[in-house]
Amino acid sequence: MLKRVHFPSSPLPYLLVAPQIAITLVFFIWPASQAMYQSFLIEDAFGLSTEFVWFENYELLMEDKQYLDSFGRTIFFSAAVAFLSMSLALVLAGFADRVIRGAMVYRTLLIWPYAVAPVLAGALWVFMFNPTLGIISYALEFVGVNWNHYLNGEQAMALVIFAAAWKQIAYNFLFYLAAMQSIPRSVIEAAAIDGAGPMRRFITIVFPLIAPTTFFLLVINAVYAFFDTFGIVHAVTQGGPANATTILVYKVYNDGFVGLDLGGSAAQSVILMALVIGMTVVQFRFVERKVQY
Amino acid sequence: MATITLTDLVKSYDDTQVLHHVEGAFEDGEFIVIVGPSGCGKSTLLRMVAGLESVTSGEIRIGDRVVNDLEPADRDIAMVFQNYALYPHMSVFDNMAYGLKIRRIPKDEIRKRVEDAADILEIRDYLQRRPRQLSGGQRQRVAMGRAIVRDPQVFLFDEPLSNLDAKLRVQMRLEIRKLQKRLGVTSIYVTHDQVEAMTLGDRLMVLNGGYVEQFGAPTELYERPASIFVAGFIGSPSMNFFEVTVAEGVATLPSGAKMSSSTTYSGKATLGVRPEHMSPAPDGPLKIEVGMLEQLGANTLVHGVLEGRSEEIVASLPGLEHINVRTTLGFDAPSESIHLFDETGVRID
């Protein structure tokens, strides 16, 4: 029999976790439950009458073609952002791993974009791609591309994807670089002696060994693209043209604060919340166990 | 199969020179052990032969090819690393087959070669396992297997046994030796363990501070160490050293006692005598005040100081001996076992 150890109960542990619990209550549980409650209500635009309708807001959403389109658009957007930012970060990390001189400078510069606020990141790209003033749209004109993301929905989507992916590269780069540097040098050297060139080593040794990091980043990037890109969309396209870049988070804002459909907007945000929770569960369940090799 | 020739080999990192003009000609099929204390440059030298470190100046030849600027892959070598460096995400079979697949060897041939190597190393049952499912000794065998399936011209070993426990180390040491003789592949083996070096090597290269102190057969290093460093490094327990004045080959010990050497040297010198060459002699010149005994079974080590002085001395007696501490014993050694070194540490003949 193991002897059970009893510690005298003391208020100290509760005191120590109290601030964290208070923050969670005030900034998450309270607003989340408010949103949940709101999603069961239908209000008129002036807030004069309120009716409790149970799931009618959700039913309306499921019938709303625009909402379902936005869902599909968001999935495409997330996949594109995750793929673009992760693959670029992987390439950069692959090179940074080989750099010896000036490695610190190189790394520091690559990490900077992460410190840029989403709105500013968006503003940067808007300036560069401005159809009349932008330096890149000017350059594109020489190769025969007529860039105007104010009119062309596909170009608008591409621009939002670039801006969102660019900001996330730094984060992915950090994780990839750390993962690569934790691979024992001698394993890479053994592969070199076995006759594998740099490219082959990367594909057959490095990439499989950083698979757990890739999986982790995939979840993180999906969550980022789903939920943290409001600022970028708002600064770059405001969801336009013709809703071409209205992803789910943007639609929550647009329907609620522009369209004043508070109940519908709340219902959308509850669905988004369920998605975050789902992704977090996936991440904990699988990332904790790691991708086994 | 190939010879290896090192000519005036130098390695520097920025302004620090870590290997100084290393020379060596290794015969075809020879087992060369590079031995020295940590930081002496032995691993650097091995990695230069492997192509993992650049050559600052000088020349490395494998066979009749100068390999200085060749990639590791093009040197036709195989290397066993200290931490084995197995590919953790591949099965044992794939670990061993990796180099063969890259060389585009047909599948049947790969299977045959891996299985043959697995039979030699007795790891046939583990071929489908992952490295993390193996014990240290088994991983060691897989690392060896990965080297031998390639059938290279040269084997390089970088302290391959240092992560194993003592018993397994002795066993693997013998196996490596047998395997190398059987395959007849020229091998370079780096270790800091002088016992490993003595048992494995056809010839030993003793490195110290980036200089080659001596290069020769194990018995030659033991019997005629070229410097104080080699004399102290080879042999266990280490050789005893005393500062002496020599006149016509007769050395005067600090205690005033005299010992004759087989030289005709005169002047100041360091006298060295191995513990196992000292035999009890009541009137002998080496008087030991016994401080401690180590009874190892096969022999007994007598630790003490020279009578009335502070110089430490060890003698090794065959069999189990019971000697009371704080008694004084006399020892003598034959003149041919007396080594003399001058003030720069070089052997005097």
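Draft legend 1. Region of the structure containing the domain arrangement of chain B. Residues and elements named next belong to chain B. By domain assignment, chain B separates into domain 1 (4-231) and domain 2 (237-348). On a C-alpha basis, the centres of domain 1 and domain 2 stand 38 Å from each other. Tallying the contact residues gives six residues for domain 1 and nine residues for domain 2. Its residues assigned to classes, the side of domain 1 that touches domain 2 shows five nonpolar, one polar and no charged.

Draft legend 2. Local environment of the interface of chain B and chain A. Counting from both sides, the interface comprises 17 residues of chain B and, opposite them, 15 residues of chain A. Taken together, the elements giving at least two residues each to the side of chain B that touches chain A come down to β6 (77-80) and α2 (92-102) of chain B. In terms of residue class, the side of chain B that touches chain A is made up of 13 nonpolar, three polar and one charged.

Draft legend 3. Expanded view of the environment of B:Asp8. Residue and element names in this part refer to chain B. Inspection of the secondary structure puts Asp8 in strand β1 (residues 4-13). Along the backbone, Asp8 and Val22 are 14 residues apart, and their C-alpha atoms lie at a distance of 5.3 Å. In this view, Asp8 contacts His21, Glu23 and Gly58; residues no more than four positions away in its chain are not counted.

Draft legend 4. Here's a closer look at the sheet that holds strand β17 (residues 299-306) of chain B. Residues and elements named next belong to chain B. Read from one edge of the open sheet, five strands run β15-β19-β16-β17-β18, paired in antiparallel fashion. Strands with a single pairing partner mark the edges of an open sheet, and in this sheet they are β15 (279-280) and β18 (312-318). Sheet topology places β17 next to β18; seven bridges connect them, and they run antiparallel. The residue bridging Val302 from the neighbouring strand is Ala315, located in β18.

Draft legend 5. Local environment of the sheet that holds strand β8 (residues 186-191) of chain B. Residues and elements named next belong to chain B. Read from one edge of the open sheet, six strands run β6-β7-β8-β3-β9-β10, paired in mixed fashion. The open sheet has two edge strands, β6 and β10 (211-216), and neither has a second partner. Recorded for the sheet is a direction-independent mean angle of 15° between the axes of neighbouring strands. Where strand β3 (residues 31-35) and β8 come together, five bridges link them in parallel fashion. Its bridge partner lying in β8, Ile34 is registered against Val190.

Here is what the cut-offs are and how they apply
Residues numbered from 1 in each chain as written. Chains lettered and ligands numbered in written order. Predicted model: local features only at pLDDT ≥ 70, side-chain atom pairs only at ≥ 80, totals over all residues. Domains from an automatic or database assignment. Contact = placed C-beta atoms within 7 Å. Nonpolar A, V, L, I, M, F, W, Y, C, P; charged D, E, K, R; others polar. Helix = DSSP H or I, 4+ residues; strand = E, 2+ residues; numbered from the N terminus. Pairing = 2+ DSSP bridges. Axes fitted to C-alpha atoms, helices over the stretch in contact; angles between N-to-C directions.

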